[in-house]
Amino acid sequence: METQSLERTAHLPQVTEPRNPGMELDLDWVRAVQANTSAIERRAATLPGRRSVKRDYQAAWLLKAITLIDLTTLSGDDTVGRVRRLCAKARQPVAPALLDALGMGPITTGAVCVYHDMIETAVEALEGTGIPVAAVSTGFPAGLSPFHLRVAEIGESVAAGAEEIDIVISRRHVLTGDWQALYDEMKAFRAACGHAHVKAILATGELGSLRNVARASLVCMMAGADFIKTSTGKESVNATLPVSLVMIRAIRDYYDRTGYRVGYKPAGGISKAKDALVYLSLMKDELGDRWLQPDLFRFGASSLLGDIERQLEHHVTGAYSAGYRHAVG
Amino acid sequence: MSIKELFETMEYGPAPESAAEALAWLVDQGDRFGHFIDGAFTAPGDGFDSRNPATGEVLATLTQATQAEVDAAVAAARKAQPKWAALGGAGRARYLYAIARLLQKHSRLFAVLETLDNGKPIRESRDIDIPLAQRHFYYHAGMAQLMESELPDAEPLGVCGQIIPWNFPLLMLAWKVAPALAMGNTVVLKPAEYTSLTALLFADICQQAGVPKGVVNIVTGDGAVGEMIVASDVDKIAFTGSTAVGRRIREATAGRGLELTLELGGKSAYIVFDDADIDSAIEGLVDAIWFNQGQVCCAGSRLLVQEGIADRFHSKLRARMDGLRLGNPLDKCIDVGAVVDPVQLQTIERMVASNTAGTVHQASCALPENGCYYPPTLITGLSTSDPLMQEEIFGPVLVSTTFRTPAEAVELANNTRYGLAATVWTENVNLAFDIAPKLVAGVVWVNATNLFDAAAGFGGVRESGFGREGGWEGLAAYTRPKGKCKALARIEPATGQGAPVDPIDRTAKLYVGGKQARPDGGYSRPVWGKSGLLGHVGLANRKDVRNAVEAAAGAAGWAKTTGHLRAQILYYIGENLSARAEEFAHRIDAMTGKRGGAQEVEASIQRLFTAAAWADKYDGQVHGVPIRGVALAMKEPVGVIGALCADEAPLLGLVSVMAPAIAMGNRVVLAASEPYPLAATDFYQILDTSDVPAGVVNILTGSHGELAKPLASHLNVDAVWSFSSTDLSAEIERAAAGNLKRTWVNNATSLDWGVDHSKRFLQAATEIKNIWVPYGE
């Protein structure tokens, strides 16, 4: 146990963040929230042109991005072997030689994210690494199975060793403006998670408007979400910069008002190293450096890592890299 | 620092754009530049250094133009102009298109050179200035193509003198040169002395595009060269710069028959209502006042926040400011670059230092040791009476105050001598569309700021100048109606002696605020006809002008009436005039001693009907700007228009001015025909019986020479027109410089009143306001 916690402190922040306990549902606040789509899109569109990270700084940022990845497999054909391979990649996401060349010690991804049935396999494969296992839950991805089963699913996953639970909200509560129902649901999920951290997946691609995204973000935080997350990866539109801007502005407002930091996880559609840099600068500019650590920021991604590895090798050799030179996850 | 350390600190680090290509171009040119005259660069002469404000380094040596060089440039432009116009729209379009393509091909060279020369962040020159400049040439290539078919009655002005500022060097060049060339004019352009390099690179581009020699001429130098251009034999002056210089140009060009457009200073309001998307409104401020270091004429520099959200808004804003990155403008990760010159930096420092009111917050970013840098600054808690709420700072300094209600927001926003732009943030469409038309500004952005495009006109009202750049409305600044004007001879009042024709004395008075008023001075003069004494008219003086303008200003409600209502009243005036047509015809004939009275009355009735017809049809446009949204080009009344009416057509001259002006919602102060005033004084009886609200039309009689100056210098008059046979053009235009009111003077030429010029009058009687409304959910 002693060595394990030492290893963890090597790549997790020193500060222990108090968990967001939630608060009473404040409907006045929720209903006052506005999100002007055109203005948000303009900000999102100009951000990549306003921020640029080069050379060693870029390499450092890309390494950071790796430590923020929830390395994910959420497929119907997942097997024990497939999940073990993914976990091996999570333990060693970058070839040691490459890390040496960069002057960097060992790093791991932020977590591994799987379906419930794969939790045990993942926990076993990651034993001693300190890498948490995240499980998607509550009838993922649609969230339309019976409520008691969704709550029960959380309990099963926590019992199986998941330290993080990615729940899906009932989109219909948002679409009908039933904020009380959303709040109650989220609160029940949070309670069921116990010590495990809960990420609330809003499925923003199905919420109809950025205003709804903003209000749903706030309600989920009021109900005690540790993280808010964009998407299941199964919607037709997943993480986008405008959606991210809305959600992290909600996080900022929540922090300003309550003093509790809630984490953010964009998921789906982030597959390029350059995209990851833009997201990092978005977090840095809008929320500050504190949100660049794995306890407050994660990428839900599967193919992002491969692109980052190629960019890192390019940084070291000066030659553009090839995918087959890096171990698949 | 090692990668391992950077992994912990997560700093941005430097991300410099290379200056190598731009510096190489300067070396290729010998680091010394002459002027571009008649298609070739002149040998460099005595001049001055052009410096990089971020470092103080000398980039090149430029030549101060001499009088002979300015004359040569104007002569070259004069010589080239007829052939350039005769080339036809399609022929000119090819050159404009070629320029646009070349600007695109060399876009990074232009961007880097602009940043080196001006100090603006490379992001801005790369993503905003240069693409917009290209867009202007593409757009106006299209306008050249369409000129013959869409503007069949327009012809080029001739040679245009163009003087541009240092804040958007290439973009302002494009705004000036593209429409001028498209419409068949040739140009002599002077870039600002701080920032001439991209104009010289543009000259290089013109050579590459094969633009015929003499069509584009560029002379460099300081304000003295600008004065030479203003004084030279050009047909038009287009100026963008400070209000003080604009006023001097107005005075210097007075009475010379030059066309003039001025795009001047501003203190644009940035209004945030309590239902706005606050974070987006704050991000908007970054684009409003920290764009180009705040050196933007239309910068949203005056923040008005609804009281209930002010504290939260300001604290969020301060946090956002602290995140701004200031430094090397060539760094791709910089938000705020260098101020253009040490002189400008000192001005900003002095103005902020002189302020003792409110609370000052400056962004917590480190300033580079060298170079002209000023930190983003917010001053909250100011009142309208504080100088910094009224004066343009032209730097990254935002001043702020609060308001309680929408009406108060409008009142505070309009409490300024300027009228360039305004920004409104609200999620309520009713509120946005209620407020935007009430703001006195040429451009209004709803839930956005500093959006520009070639398809939408840009320009101001009040002391922010006049004329529009961009869009269909911008072409008016570079064309005039075809046709020649005849010289106008002064018409003296008839003299005579003997008894009155009408044994019962009828006293013609002034018509002010819907009432007959005796002249303040208590003097009258006789009006003689061939048959004898026709009557007496009052001699209005400056106090009568004051009273009439007061009445006109008080009738502001007229502007808010519907076009339909104004049409009904104009028809009614026509109907009532028609009922007394014979009497009016007699009166005109008796005064003029001619027999055209009946025809003049009939034409006057037609003018009234034409104006009535237009009252509800002179529509604005929806411009196709390249955003998801629209730019609504709304036509608004100019306000209070003072006019000296034609002497030769006592009724028609007055009606031709009055009818279109009031049809558009203006209020008018009309000085009647000086020699033949009785048609006008009879006419107010018609107005009295036609439901015209008090103050909408005010009629003065007397000496045009005496009335011109008080009318033209009155600061509450928005436009002044003169069709008098007394040549007062110079005096009027000089006096109009006070509040930079729009002028339309005849320069001692006559307008053929038998021809219906209603369209010209409608155009002169309206201002185009572009309201940008991005949308999307």
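For clarity, every value in this text was computed on a predicted model and none was experimentally measured. (Residues numbered from 1 in each chain as written. Chains lettered and ligands numbered in written order. Predicted model: local features only at pLDDT ≥ 70, side-chain atom pairs only at ≥ 80, totals over all residues. Heavy atoms only, no water.)

Trainee: Can you explain the overall build of chain B? Please cite residues and give values.
Mentor: Scanning chain B from terminus to terminus reveals 26 helices and 34 strands. Taking 777 residues into account, the globule formula puts the C-alpha radius of gyration at 28 Å, and chain B, at 28 Å, falls close to it. Reported as C-alpha extents along the three principal axes, the dimensions of chain B are approximately 105 × 60 × 45 Å. Put simply, chain B has 777 residues, and 62% of those count as buried. A fraction of 77% describes how many contacts in chain B between residues 6 or more apart in sequence connect residues 24 or more apart. Total accessible area on chain B is roughly 27,600 Å²; 51% of this is exposed by carbon and sulfur atoms. (Helix = DSSP H or I, 4+ residues; strand = E, 2+ residues; numbered from the N terminus. Rg over C-alpha atoms; globule rule 2.2 N^0.38 Å. Buried < 20%, exposed > 50% of the residue type's maximum accessible area, 1.4 Å probe, protein only. Contact = heavy atoms within 4.5 Å. Areas by Shrake-Rupley, 256 points an atom, 1.4 Å probe, with all protein chains shown as cover.)

Trainee: How would you explain the overall build of chain A if you had to name every residue and give the values?
Mentor: Each helix and strand counted, chain A has 14 helices and eight strands in total. In terms of overall dimensions, chain A is globule-like: its C-alpha atoms have a radius of gyration of 19 Å, near the 20 Å expected for 329 residues. Taking the principal axes of its C-alpha atoms as reference, chain A extends roughly 55 × 45 × 35 Å. Expressed as a percentage of the 329 residues in chain A, the buried residues total 58%. Expressed as a percentage of contacts within chain A between residues at least 6 apart in sequence, the contacts between residues at least 24 apart total 77%. Total accessible area computed for chain A in this model is approximately 12,500 Å², and 52% of it derives from carbon and sulfur atoms. Taking the average location of the 37 positive side-chain charges in chain A and that of its 37 negative ones, the two points are 6 Å from each other. (Lys, Arg positive; Asp, Glu negative; His and termini not counted. Charge placed at Lys NZ, Arg CZ, Asp CG, Glu CD.)

Trainee: Describe the packing of aromatic side chains, listing the residues and the values that go with them.
Mentor: One pass over the structure, following the stated rule, counts 32 aromatic pairs over all chains. Between the aromatic rings of W166 of chain B and F394 of chain B, the centroid separation amounts to 5.4 Å while the plane-to-plane angle is 80 degrees, which identifies the pairing as edge-to-face. Placement of the pair is W166 of chain B in the loop between β6 (159–163) and α7 (169–182) and F394 of chain B in the loop between α14 (387–390) and β15 (397–403), with a sequence separation of 228 residues. For W166 of chain B, a relative accessible area of 14% puts it in the buried group. Directly above the ring of Y12 of chain B sits K284 of chain A, whose terminal nitrogen or CZ lies 5.2 Å from the centroid. Above the ring of Y618 of chain B, the side-chain terminus of K635 of chain B is found at 3.8 Å from the ring centroid. (Phe/Tyr/Trp six-rings, centres within 6.5 Å; stacked < 30°, edge-to-face > 60°. Lys NZ or Arg CZ within 6 Å of the ring centre and 35° of its normal.)

Trainee: Can you tell me about the sheet that holds strand β2 (residues 111–114) of chain A, naming the residues and giving the values?
Mentor: Residue and element names in this part refer to chain A. Read from one edge to the other, the open sheet built from eight strands follows the order β7-β6-β5-β4-β3-β2-β1-β8, with strand pairing classed as parallel. Where the open sheet ends on each side, the last strands, each with one partner, are β7 (263–265) and β8 (299–301). Averaged over all pairs of adjacent strands, the angle between their axes in this sheet comes to 25 degrees, without regard to strand direction. Examined bridge by bridge, strand β6 (residues 227–229) and β7 share three bridges and lie parallel to one another. The partner of K229 across the bridge, within β7, is K265. (Pairing = 2+ DSSP bridges. Axes fitted to C-alpha atoms, helices over the stretch in contact; angles between N-to-C directions.)

Trainee: I'd like a rundown of the layout of surface pockets, residues and numbers included.
Mentor: A probe as big as a water molecule, rolled over the atoms, marks out the empty space that is left. All names here are of chain B. Of the pockets and cavities examined, the second largest pocket occupies roughly 1,300 Å³. In this structure, the second largest pocket is lined by 50 residues; those nearest its centre are P437, V440, A559, E636 and P637. Those elements that place two or more of their residues in the lining of the second largest pocket are α16 (429–438), α21 (597–615), β27 (629–637) and β34 (766–774). Class assignment of the residues belonging to the lining of the second largest pocket gives a composition of 22 nonpolar, nine polar and 19 charged. Both domains that meet at the lining of the second largest pocket, namely domain 2 (269–457) and domain 3 (510–619 + 637–750), each give it at least three residues. (1 Å grid on protein atoms, 1.4 Å probe; cavity = no way out; pocket = protein on both sides within 12 Å on 5 of 7 lines; lining within 4 Å. Points joined across faces, edges and corners; volume = space filled by probe spheres on them. Nonpolar A, V, L, I, M, F, W, Y, C, P; charged D, E, K, R; others polar. Domains from an automatic or database assignment.)

Trainee: How would you explain the pattern of salt bridges if you had to name every residue and give the values?
Mentor: If the charged atoms of two oppositely charged side chains come close together, the side chains can form a pair. Residues and elements named next belong to chain B. Tallied over the entire structure, the rule returns 58 salt bridges over all chains. In this structure, D127 engages R126 in a salt bridge whose closest nitrogen and oxygen atoms are separated by 2.8 Å. The exposure class of D127 is partly exposed, given its relative accessible area of 36%. (Salt bridge = Lys/Arg side-chain N within 4 Å of Asp/Glu carboxyl O.)

Trainee: Lay out the UniProt feature "active site" (unreviewed entry) in chain B in plain terms, naming residues and giving numbers.
Mentor: All names here are of chain B. The UniProt entry lists E263 under the feature "active site" (unreviewed entry), expressed in the numbering used here. Along the polypeptide, E263 turns up in strand β10 (residues 259–263). Apart from residues no more than four positions distant in its own chain, E263 is found in contact with F239, T240, G241, C297, L420, F458, G459, S464 and E469. (UniProt positions renumbered as here; feature names shortened; annotations may be inferred.)

Trainee: How would you explain the pairing of strand β4 (residues 58–63) of chain B if you had to name every residue and give the values?
Mentor: Residues and elements named next belong to chain B. Relative to β4, strand β3 (residues 47–51) runs antiparallel, the two being bridged by five bridges. Bridge pairing in β4 places R51 opposite V58. The antiparallel pairing of β3 with β4 creates a hairpin that spans six residues between the two strands, and G56 there sits at a positive phi of about 85 degrees.

Trainee: Please give an account of the environment of L260 of chain B that cites residues and values.
Mentor: Tracing the backbone shows L260 of chain B in strand β10. Dropping the residues within four chain positions of it, L260 of chain B is found in contact with K236, I237, I249, R250, T253 and F466 of chain B.

Trainee: Please give an account of the UniProt feature "domain: Aldehyde dehydrogenase" (unreviewed entry) in chain B that cites residues and values.
Mentor: Residues and elements named next belong to chain B. Per the UniProt record, "domain: Aldehyde dehydrogenase" (unreviewed entry) is annotated on residues 48–482 and 533–745. The annotated region residues 48–482 carries 44% helix and 18% strand content, and the separation between its end C-alpha atoms amounts to 43 Å. Here residues 533–745 is 47% helix and 19% strand, with 32 Å between the C-alpha atoms at its ends.

Trainee: Can you tell me about the sheet that holds strand β12 (residues 300–306) of chain B, naming the residues and giving the values?
Mentor: All names here are of chain B. The 10 strands lie next to each other as β13-β14-β15-β12-β11-β16-β17-β34-β27-β26, forming an open sheet whose pairing is mixed. Of all strands in the sheet, those bounded by a partner on one side alone are β13 (359–362) and β26 (621–623). Here the strands of the sheet are splayed against their neighbours by 20 degrees on average, with no regard to which way each runs. With five bridges joining them, β12 and β15 adopt parallel strand pairing. By the bridge assignment for β15, Q306 is matched with F403.

Trainee: Explain the confidence of the model for chain B to me, and be specific about the residues and the numbers.
Mentor: For chain B, mean pLDDT is 97; residues scoring 70 or higher make up 100% of the total. Confidence metrics for the complex model read pTM 0.96 and ipTM 0.95. (pLDDT = per-residue confidence, 0-100.)

Trainee: Describe in detail the state of the cysteines, supporting the description with residues and values.
Mentor: Tallied over the entire structure, the rule returns zero disulfides over all chains. Distance from the sulfur of C298 of chain B, which forms no disulfide, to the nearest cysteine sulfur (C297 of chain B) is 4.7 Å. (Disulfide = S-S within 2.5 Å.)

Trainee: Any chance you could break down the interface of chain B and chain A for me, citing the residues and the numbers?
Mentor: Facing the 42 residues of chain B at the interface are 42 residues of chain A. Contact between chain B and chain A buries roughly 3,700 Å² in total, counting both sides, with carbon and sulfur atoms accounting for 50%. Joining chain B to chain A, the criterion identifies nine salt bridges. Where D287 of chain B meets R50 of chain A, a salt bridge forms, and the shortest distance between an N and an O atom there is 2.7 Å. The interface formed by chain B and chain A contains 21 residue pairs in polar contact (both at pLDDT 80 or more). At the level of secondary structure, the elements contributing two or more residues to the side of chain B that touches chain A comprise α1 (3–9), α6 (122–150), α11 (278–289) and α12 (310–322) of chain B. (Buried area = accessible area lost by both parts, 1.4 Å probe. Polar contact = N/O pair within 3.5 Å; in protein donor to acceptor, adjacent residues only side chain to side chain.)

Trainee: Can you lay out unusual backbone geometry for me, pointing to particular residues and giving the numbers?
Mentor: In this chain, F140 of chain A is followed by P141 of chain A through a cis amide linkage whose omega measures 0 degrees. Looking at the secondary structure, you find P141 of chain A in the loop between β3 (133–136) and α8 (147–159). In this structure, D38 of chain B takes a positive phi of about 55 degrees despite not being glycine. Inspection of the secondary structure puts D38 of chain B in the loop between β1 (36–37) and β2 (40–41).

Trainee: I'd like to hear about the packing of helix α3 (residues 67–86) of chain B against helix α4 (residues 88–105) of chain B, residue by residue, with values.
Mentor: Residues and elements named next belong to chain B. Across the interface, α3 lies against α4 with an axial gap of 7 Å and an inter-helix angle of 110 degrees. As the angle between them shows, α3 and α4 are arranged roughly perpendicular. Facing W84, A85 and A86 of α3, the residues of α4 in contact are G88, R92 and Y95. When the residues that make up the contact of α3 with α4 are grouped by side-chain class, the tally is four nonpolar, one polar and one charged. (Parallel < 35°, antiparallel > 145°, perpendicular 65-115°, else oblique.)

Trainee: Mind laying out helix α9 (residues 223–231) of chain B, listing which residues take part and the relevant values?
Mentor: Of all the positions in α9 of chain B, only V225, G226, M228, I229 and V230 of chain B are classed as buried. The opening residue of α9 of chain B is D222 of chain B, an N-cap whose side-chain oxygen sits 3.0 Å from the backbone nitrogen of A224 of chain B.

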